[in-house]
Amino acid sequence: MSRYRLQPSPAQEAVLLEHCGHARFVWNLAVEQHAHWRPGRKSAPGFAEQCRQLTQARGEFAWLRAGSIIVQQQALKDFAQAMANFFGGTHRRPTWRRRGQGEGFRIVAVKAGDVRRLSRHVGEVKVPKVGWVRFRWSRALPEGVKSCRVTRDAAGRWHVAFAAIPEPIPAPGTGGVVGVDRGVAVSAALSTGELLHAPALRDAEKARLLRLLRRLARAERGSHRRGRVKVAIARLKARERDRRRDWVEKTSTDLARRFGVIAVEDLKIANMVRSAKGTIDAPGRSVRQKAGLNRGILAAGWGRLVARLEQKAPGRVVKINPAYTSQRCSACGIVDRQARESQASFRCRSCGYAGNADVNAARNIAHAAGHAVSARGGPPLGEPTNREPQRDLLLMG
Ligand SMILES: [Zn+2]
């Protein structure tokens with residue numbers, strides 16, 4: 001994660017806050033327009049139409065006109081992306097933003113000259129209508145920066161995060177197919193049998209978070225103490241988020257380096273299966289989904305992992321229909337709903353195969369992908385031939 005502590009002067013901070021306000025205003029307007037939309041009605045305005053409305057609004061409101069059009073248009077673009085993520089099944093529906101919560105704005109088309117280093121520990125970034133704002137140069141800047149996001153956390157600290165699209169990683173010459181399944185107990189299971197754990201808070205940190213949450217519940221509303229507790233909670237949560245993002249970067253790089261084809265379940269379909277409660281396809285899955293305590297974070301992490309894989313291994317990520325992957329035996333191919341002994345273990349009553357349930361699912365995902373690749377005339381992938389033909393059902397069109 002290339003996030004840096006931004007150090008605006010008080011005068012700059014005032015303008016940054018205005019930018020945040022404008023971005024929030026435009027975002028909330030878009031949320032409102034989409035909230036009124038129902039299936040069957042005329043479609044909610046798209047990005048182009050919203051840009052036209054923004055121009056109109058800027059004509060009417062001097063305070064909006066005084067702000068940066070780059071910031072305001074980008075808020076619309078971010079919203080369009082958020083809706084696409086929502087329909088893609090990786091994120092929740094974008095919601096209303098409140099003052100003081102997750103404030104921020106994005107600047108795109110950052111040119112090479114718009115970021116510069118002043119000294120060993122000090123850099124500067126050019127922000128529209130603000131000028132050069134200093135930040136702490138705490139790590140190397142990623143290459144090919146195209147946009148940056150300026151945020152203000154609940155603690156009132158400013159950060160700037162530079163986004164660069166990662167370079168594709170060449171496929172290994174010998175790489176086979178790997179299936180990746182998202183699990184509950186572990187963050188991801190590979191068809192190789194590896195279980196990957198995304199980092200969480202350490203026990204001592206978890207205990208501290210619990211203490212802080214209790215303290216927050218007792219603190220008087222609007223009190224100074226309550227503010228301090230909130231800041232401490234926000235810091236702990238940010239630490240956890242940073243660790244998970246770090247993990248996503250490392251894991252996606254590792255998978256792209258080691259395997260020729262990376263198979264994941266198609267989230268769009270997975271969510272359809274899950275939302276249709278009680279379908280015979282995957283009752284186990286919806287149970288699994290509820291099991292996660294912070295499944296929102298995990299789901300977002302998963303979406304990020306898949307997105308990163310597609311950037312680092314372009315054309316090498318195969319999305320598989322997840323139907324049956326958790327109930328099918330990866331050794332003999334039989335679908336057995338009772339084979340799943342518990343969340344964690346799978347035991348086939350037909351052939352006796354037993355193993356980690358998530359690894360079993362990952363193996364099914366890999367099989368389906370191997371099949372998809374060779375059907376397209378891809379390289380032979382050394383897939384065992386004694387699989388049953390019904391596996392075709394798993395394939396995506
Ligand atoms: Zn079996």
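First, a word on scope: everything that follows refers to the structure included in this document. (Residues numbered from 1 in each chain as written. Predicted model: local features only at pLDDT ≥ 70, side-chain atom pairs only at ≥ 80, totals over all residues. Heavy atoms only, no water.)

1. Structural notes on the packing of aromatic side chains
All chains considered together, the criterion is met by 8 aromatic pairs. Ring plane angle 20° and centroid distance 5.7 Å describe the contact between phenylalanine 135 and tryptophan 137, whose orientation is recorded as stacked. Assessed through its relative accessible area of 0%, phenylalanine 135 is described here as buried. Looking at arginine 97, its charged tip hangs above the ring of tryptophan 27, at a distance of 3.7 Å from the centre. In this structure, arginine 139 is placed above the aromatic ring of tyrosine 4, and the distance from its NZ or CZ to the ring centre is 5.8 Å. (Phe/Tyr/Trp six-rings, centres within 6.5 Å; stacked < 30°, edge-to-face > 60°. Buried < 20%, exposed > 50% of the residue type's maximum accessible area, 1.4 Å probe, protein only. Lys NZ or Arg CZ within 6 Å of the ring centre and 35° of its normal.)

2. With respect to the coordination of the zinc ion
Around the zinc ion, the protein supplies Cys329 (SG), Cys332 (SG), Cys348 (SG) and Cys351 (SG) as donor atoms, at distances of 2.3 Å. Considering all 4 donor atoms around the zinc ion, the spread of angles at the metal, 107 to 113°, places the coordination shape in the tetrahedral class. Positions of the donor residues of the zinc ion along the chain correspond to the pattern C-x2-C-x15-C-x2-C. Here the residue cysteine 332 occupies a position in the loop between strand S12 (317–320) and strand S13 (345–347), and cysteine 348 occupies one in the loop between S13 and strand S14 (354–356), the gap between them amounting to 16 residues. (Donors = N, O, S within 2.8 Å, 3.2 Å for Na, K, Ca; no water. Tetrahedral: all angles 85-135°; square planar, octahedral: opposite > 155°, others 65-115°. Helix = DSSP H or I, 4+ residues; strand = E, 2+ residues; numbered from the N terminus.)

3. Focus: helix H2 (residues 47–60)
Over its 14 residues, H2 runs 20 Å from end to end, which matches the ideal 20 Å to within 8%, given 1.5 Å per residue. By the burial criterion, the buried members of H2 are Gln50, Cys51, Leu54, Ala57 and Arg58. Projected down its long axis, H2 carries its buried residues within an arc of 120°, all on one side. Among the exposed residues of H2, those oriented more than 90 degrees off its buried face are Ala48, Thr55, Gly59 and Glu60. (Expected span 1.5 Å × (residues − 1). Arc of directions from axis to C-beta.)

4. Observations regarding the environment of cysteine 329
Locating cysteine 329 in the fold gives a position in the loop between S12 and S13. According to the relative accessible area criterion, cysteine 329 is buried, its value standing at 1%. Distance from cysteine 329 to serine 350, taken between C-alpha atoms, is 8.8 Å for residues 21 residues apart in sequence. The contact partners of cysteine 329, leaving out residues within four places of it in the chain, are Ile334, Phe346, Cys348, Cys351, Tyr353, Asn360 and Asn364. (Contact = heavy atoms within 4.5 Å.)

5. Overview of the sheet that holds strand S11 (residues 261–265)
Within the open sheet, the 5 strands sit side by side as S10-S9-S8-S11-S12. Their pairing is mixed. The sheet terminates laterally at strand S10 (195–196) and S12, the two strands that pair on one side only. Bridge count between strand S8 (residues 177–182) and strand S9 (residues 188–190): 3 bridges; the pairing is antiparallel. Residue pairing across strands places aspartate 181 opposite alanine 189, the latter belonging to S9. (Pairing = 2+ DSSP bridges.)

6. With respect to unusual backbone geometry
Peptide bonds are mostly trans, and most non-glycine residues show a negative phi. Positive phi, normally seen in glycine, also occurs at lysine 129, with a value near 65°. Locating lysine 129 in the fold gives a position in the loop between strand S4 (122–127) and strand S5 (131–136).

7. Looking at a nonpolar patch on the surface
On the surface, Ile69, Ile70 and Val108 cluster together into a nonpolar patch covering about 200 Å² of accessible area. Within the element layout of this structure, isoleucine 70 appears in helix H4 (residues 69–88). Residue classification places isoleucine 70 among the partly exposed positions, given a relative accessible area of 39%. (Patch = residues over 30% accessible without salt bridge, like charges linked within 9 Å, V, L, I, M, F, W, Y side chains within 5 Å. Areas by Shrake-Rupley, 256 points an atom, 1.4 Å probe, with all protein chains shown as cover. Salt bridge = Lys/Arg side-chain N within 4 Å of Asp/Glu carboxyl O.)

8. What about the side chain of lysine 312?
Note on placement: lysine 312 falls in helix H9 (residues 295–312). Within the structure, the side chain of lysine 312 is placed 3.0 Å from the side chain of glutamate 249, a separation counted as a polar contact. Apart from residues lying up to four places away in sequence, lysine 312 is in contact with Pro166, Glu167, Pro168, Ile169, Glu249, Ser252, Thr253 and Ala256. (Polar contact = N/O pair within 3.5 Å; in protein donor to acceptor, adjacent residues only side chain to side chain.)

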